[in-house]
Amino acid sequence: MGSDDDMPEVYHYNNNDNADYEEMVYGDTTSFYDKLKEQLDMEPLSQKEHDVMEYLIGSLDDDGLLRKDLDTISDELAIYQNIDVDTPTLEKMLHRLQQFDPAGIGARSLQECLLLQIERKPKGYMRALMREVITNYFKEFTHKRWDKINEQLKLTDVQSQALQRELYKLNPKPGSSMGETEGRNMQQVTPDFIVNTDDDGRVTFSINYGDIPSLKVSDSFAQMVDTYRNSKKTMSRSDKEALLYAKEKVDHANSFIEAMKERRHTLYVTMKAIIEWQKKYFQDGDETELRPMKLKDIAEKTGLDISTVSRVSNQKYAQTRWGIFPLRFFFTNGFKADNGEELVTKKLKLALKDIIDHEDKTKPFNDTELMDRMAAKGYQVARRTISKYREQMGIPVARLRK
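Residues numbered from 1 in each chain as written. Predicted model: local features only at pLDDT ≥ 70, side-chain atom pairs only at ≥ 80, totals over all residues. Heavy atoms only, no water.

## Some points on the overall build of the protein chain
Broken down by element type, the protein chain carries 17 helices and 6 strands. Here the protein chain, with 402 residues, has 42% of them falling under the buried criterion. When the accessible surface of the protein chain is totalled, it reaches about 22600 Å², and 47% of it is carbon and sulfur. (Helix = DSSP H or I, 4+ residues; strand = E, 2+ residues; numbered from the N terminus. Buried < 20%, exposed > 50% of the residue type's maximum accessible area, 1.4 Å probe, protein only. Areas by Shrake-Rupley, 256 points an atom, 1.4 Å probe, with all protein chains shown as cover.)

## Considerations on the packing of helix α2 (residues 47-58) against helix α4 (residues 87-97)
Packing of α2 against α4 brings their axes to within 10 Å, and their N-to-C directions diverge by 70 degrees. It follows from the interaxial angle that α2 and α4 lie roughly perpendicular. You can see that α2 and α4 cross each other, and the crossing is right-handed. For the pair α2 and α4, contact is made by Glu49, Val52, Met53, Leu56 and Ile57 and by Leu90, Met93, Leu94, Arg96 and Leu97, respectively. Of the residues in the contact of α2 with α4, the class split is 8 nonpolar, no polar and 2 charged. (Axes fitted to C-alpha atoms, helices over the stretch in contact; angles between N-to-C directions. Parallel < 35°, antiparallel > 145°, perpendicular 65-115°, else oblique. Left-handed = near helix turned anticlockwise from the far one by under 90°. Contact = heavy atoms within 4.5 Å. Nonpolar A, V, L, I, M, F, W, Y, C, P; charged D, E, K, R; others polar.)

## Topic: the pattern of salt bridges
Summed over all chains, the structure comprises 23 salt bridges. One salt bridge connects Asp354 with Lys377, and the closest N-O pair in it is separated by 4.0 Å. Taken together, the residues Asp354 in helix α15 (residues 345-357) and Lys377 in the loop between α16 (367-376) and α17 (383-392) connect sequence positions 23 residues apart. On the accessibility criterion, Lys377 (45% relative accessible area) is partly exposed. Several salt bridges converge on common partners, so that one network encompasses Asp61, Asp63, Arg67, Lys353 and Asp357. (Salt bridge = Lys/Arg side-chain N within 4 Å of Asp/Glu carboxyl O.)

## Structural notes on the nonpolar core
Core analysis: the largest hydrophobic core is formed by 31 residues, its most contacted members being Met271, Ile274, Phe282 and Phe330. At the level of secondary structure, the elements contributing two or more residues to this core comprise β1 (193-197), β2 (203-207), α11 (237-277), α12 (279-284), α13 (295-302) and α14 (306-315). Discounting residues that sit within four places of it in the chain, Phe282 has contacts with Val195, Thr197, Val203, Met271, Ile274, Ile275, Thr320, Trp322 and Phe330. (Core = buried A, V, L, I, M, F, W, Y, C linked by side-chain atoms within 4.5 Å.)

## A closer look at unusual backbone geometry
Where the residue is not glycine, phi is negative for most of them; where a peptide bond is considered, it is trans in most cases. Going from Asp101 to Pro102, the amide bond is cis rather than trans, its omega being 0 degrees. For Pro102, the location among the structural elements is in the loop between α4 and α5 (110-119). Even without being a glycine, Lys144 presents a positive backbone phi close to 55 degrees. Within the secondary structure, Lys144 is located in the loop between α7 (138-142) and α8 (146-153). Overall, the relative accessible area of 33% leaves Lys144 in the partly exposed class. Although it is not a glycine, Lys154 adopts a positive phi angle of roughly 55 degrees. Here Lys154 shows up in the loop between α8 and α9 (157-167). Classification of Lys154 by relative accessible area gives exposed; the value is 70%.

## Observations concerning α14
Listed in full, the buried residues belonging to α14 are Thr308, Val309, Ser310, Val312 and Ser313. Residues of α14 that are buried sit in contact with α11 and α13.

## Some thoughts on the packing of α16 against α17
Interhelical geometry of α16 versus α17 gives an angle of 100 degrees and a closest axis separation of 9 Å. Between α16 and α17, the interaxial angle falls into the category roughly perpendicular. Here Asp367, Thr368, Leu370, Met371 and Met374 of α16 come into contact with α17, specifically with Arg383, Ile386, Ser387 and Arg390.

## Some words on the packing of aromatic side chains
Counting across every chain of the model gives 13 aromatic pairs. Ring geometry for Phe193 and Phe205: centres 6.4 Å apart, planes at 65 degrees, overall edge-to-face. Of the two residues, Phe193 is situated in strand β1 and Phe205 in strand β2; the sequence distance between them amounts to 12 residues. Exposure class is identical for Phe193 and Phe205. Each is buried. For the pair Phe325 and Phe329, a centre-to-centre distance of 4.4 Å together with 20 degrees between the ring planes defines the contact as stacked. Classification of Phe325 by relative accessible area gives buried; the value is 12%. Across from the ring centre of Tyr168, 4.4 Å away, lies the NZ or CZ of Arg321, which sits over that ring. (Phe/Tyr/Trp six-rings, centres within 6.5 Å; stacked < 30°, edge-to-face > 60°. Lys NZ or Arg CZ within 6 Å of the ring centre and 35° of its normal.)

## A few points about the pairing of strand β4 (residues 323-326)
What you see with β4 is a clean split: Gly323 and Phe325 sit on the buried side and Ile324 and Pro326 on the side with no burial. Pairing geometry for strand β3 (residues 317-320) and β4, over 4 bridges, is antiparallel. Among the inter-strand pairings, Gln319 is bridged to a residue of β4, identified as Ile324. Connecting β3 to the next strand, β4, in antiparallel fashion are 2 residues. (Pairing = 2+ DSSP bridges.)

## Considering the confidence of the model for the protein chain
Interpretation of this model should avoid reading the predicted coordinates in detail wherever pLDDT is low. The predicted model of the protein chain averages 78 in pLDDT, with 81% of residues at 70 or higher. For the stretch residues 180-187, pLDDT sits under 50, and the model shows 18 contacts to residues farther than four places along the chain or on other chains. Across residues 335-342 the pLDDT falls below 50, and counting only partners more than four positions away or on other chains, this stretch makes 12 contacts in the model. (pLDDT = per-residue confidence, 0-100.)

## Things to note about the side chain of Lys37
As for its placement among the helices and strands, Lys37 is situated in helix α1 (residues 32-40). If sequence neighbours within four positions are ignored, Lys37 has contacts with Glu54 and Ile57.

## Digging into the sheet that holds β1
If you walk across this open sheet you meet the 4 strands as β2-β1-β3-β4, and the pairing is mixed. The open sheet has two edge strands with one neighbour each: β2 and β4. Ignoring which end each strand starts from, the neighbouring axes of this sheet average 25 degrees apart. In this sheet, β2 lies alongside β1 in antiparallel orientation, the contact comprising 5 bridges. In the sheet register, Val195 faces β2, and the bridge partner there is Phe205. Most of the contacts of α11 go to β2, to which it runs at about 160 degrees, and overall it touches β1, β2 and β3.

Okay, structure coming up:
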């Protein structure tokens with residue numbers, strides 16, 4: 001259990017009598033890849049240009065960014081597609097792809113992603129100011145050093161607040177707004193929780209009830225019960241039957257309403273505990289900040305049964321500043337490093353992927369070499385664990401990565 005300093009400062013709980021809104025909304029099931037392909041098919045391109053652009057789209061990560069360098073893509077096109085295209089030509093094709101929707105698609109870094117989005121803003125002082133911050137003060141921006149930015153750009157408090165509002169509207173993961181990538185198509189859902197992160201790091205949330213009306217006992221049934229109960233006349237047999245019928249229905253209705261209130265409470269305390277545990281992620285959206293968290297941890301924190309936490313986590317989704325995620329996303333395994341630090345599986349996988357992405361493709365690392373390089377980064381991981389993580393990420397063995 002963390003200290004009070006580790007907990008979000010404010011929670012908003014909509015404590016009304018609405019029923020839980022848990023209907024899954026089935027909508028457009030076109031994949032991220034297919035949506036970009038639709039835009040590609042509208043472009044006036046030669047067959048070779050079309051094939052190159054299609055390969056670029058297929059090389060994008062789930063968040064819509066391109067993390068392969070263009071030299072590697074040029075080699076892959078020559079080897080696997082028998083298409084000869086040099087890096088400068090690929091650069092031109094990538095710039096063309098970056099004009100597709102949503103803005104920021106095809107960027108090779110977060111900085112480029114934000115700049116691409118800024119370029120589509122209306123011309124004017126605000127756009128120029130946003131470009132200035134992301135171009136020349138990107139490190140200060142990512143570390144929220146607004147005092148330095150304000151001083152350098154000579155901004156007033158009002159100007160700074162307006163600038164921050166506009167910058168924080170930019171999407172660091174443009175692909176998340178278009179669903180899943182090819183082969184991982186997923187039905188759209190309506191989030192059950194809306195999580196908001198303020199610029200000062202304060203995290204709040206509310207439960208999404210949709211348009212479900214307030215639940216209450218029918219006035220006519222309630223009046224019927226009161227009338228029969230308060231009547232001083234001797235009740236006939238039919239009156240007694242009517243009273244029993246009305247009382248039974250009112251009791252059932254009240255039980256149902258109480259069950260809904262209890263369920264809302266379960267949702268509330270579960271989400272509250274998850275946010276408290278994973279506060280750093282909700283503040284920054286950095287997956288490497290996710291702490292190891294198990295169902296048992298949340299069950300102990302909330303006083304709920306593990307089966308109850310599991311059921312909530314399997315069925316519910318949260319909308320965050322960084323995208324919509326199933327609650328299961330926030331549950332992660334982990335182990336302790338030699339220095340006692342708790343390392344989450346996601347963090348290890350990202351570190352492993354980074355090593356593989358930057359390896360010499362003519363001499364890719366085998367699993368033992370990957371283990372050594374992970375150790376050099378401070379991650380003592382067994383070779384069999386390296387193999388397991390590599391396979392889980394769909395990365396082939398060294399000889400197939402040449």
